[in-house]
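# Report on the structure
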Amino acid sequence: MNTVQATAVDLARALAKNPPTGNVEVAVCPPFVYLIPVAQALASSHVKLGAQDVYFEPKGAFTGEISCEMLKDCCCQYVIVGHSERRHVLGENDKLINAKLKAWSPPG
């Protein structure tokens, strides 16, 4: 919750124009609401798109959650699970994080 659409897109464009050198992969993980505009800003670049979280169920009445299929539909190639803030602030435990990890399979 530290950006708005304009700054998220600006960061993505800057990374797309000036990617790091060397044998590294770079991904940006903007808030969910900015995934599509950031994906558009990264188009034709080597910078990857990721999401900040995912839910382990494929679909259903899970208000506020986002599925693997939804993230892939937004061109996400990566997702962050087990982030310390989600553990400490939101109380996510190993069982939940493991379920999220098992649900995610990279596109391709």
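Only a predicted model underlies this, so the values are computations on that prediction, with no experimental measurement involved.

A count of helices and strands for the chain gives five helices and three strands. In the chain, the succession of α and β elements from N to C terminus is α-β-α-β-α-β-α-α. At 14 Å, the chain has a C-alpha radius of gyration in line with the 13 Å of a compact globule built from 108 residues. Summarising its shape, the C-alpha atoms of the chain cover approximately 40 × 30 × 25 Å along the three principal directions. Within the chain, the proportion of its 108 residues that are buried is 30%. Each charge sign in the chain was given a centre, from 10 positive and 10 negative side chains, and these centres are 3 Å apart.

Attention now moves to the environment of K17. Looking at where K17 falls in the secondary structure, it is placed in helix α1 (residues 5–17). Residue K17 is classed as exposed on the basis of its relative accessible area, which comes to 67%. Separated by 28 residues in sequence, K17 and S45 place their C-alpha atoms 7.8 Å apart.

Relative to the elements of secondary structure, S67 occurs in the loop between β2 (48–51) and α3 (68–73). In contact with S67, not counting residues within four places along its chain, are V54, Y55, E57 and P58.

Right, let's get into the sheet that holds strand β3 (residues 78–79). In a beta sheet, neighbouring strands are held together by backbone hydrogen bonds and run either parallel or antiparallel to one another. Strands sit in the order β1-β2-β3 across an open sheet of three strands; the sheet is parallel. Looking at the sheet topology across the chains shown, the edges are occupied by β1 (27–28) and β3. Two elements, β2 and β3, share two bridges in a ladder whose sense is parallel. Bridged to A51 within β3 is V79.

The next point concerns the confidence of the model for the chain. Per-residue confidence for the chain averages 95 on the pLDDT scale, and 99% of its residues sit at or above 70. Looking across the chain, the model is least confident in helix α4 (residues 84–88), with a mean pLDDT of 94, and most confident in helix α2 (residues 35–42), with 98.

It is worth spelling out the layout of surface pockets at this point. In this structure, the largest pocket encloses a volume near 680 Å³. Along the wall of the largest pocket there are 22 residues; nearest its centre are M1, C29, P30, P31 and Q52. For the lining of the largest pocket, the secondary-structure elements that each account for two or more residues are α1 and α4. For the lining of the largest pocket, the element with the highest residue contribution is α1, accounting for four residues. Of the residues that constitute the lining of the largest pocket, the class distribution is 12 nonpolar, six polar and four charged.

Reading the values: rules and limits
- Residues numbered from 1 in each chain as written.
- Predicted model: local features only at pLDDT ≥ 70, side-chain atom pairs only at ≥ 80, totals over all residues.
- Heavy atoms only, no water.
- Helix = DSSP H or I, 4+ residues; strand = E, 2+ residues; numbered from the N terminus.
- Rg over C-alpha atoms; globule rule 2.2 N^0.38 Å.
- Buried < 20%, exposed > 50% of the residue type's maximum accessible area, 1.4 Å probe, protein only.
- Lys, Arg positive; Asp, Glu negative; His and termini not counted.
- Charge placed at Lys NZ, Arg CZ, Asp CG, Glu CD.
- Contact = heavy atoms within 4.5 Å.
- Pairing = 2+ DSSP bridges.
- pLDDT = per-residue confidence, 0-100.
- 1 Å grid on protein atoms, 1.4 Å probe; cavity = no way out; pocket = protein on both sides within 12 Å on 5 of 7 lines; lining within 4 Å.
- Points joined across faces, edges and corners; volume = space filled by probe spheres on them.
- Nonpolar A, V, L, I, M, F, W, Y, C, P; charged D, E, K, R; others polar.

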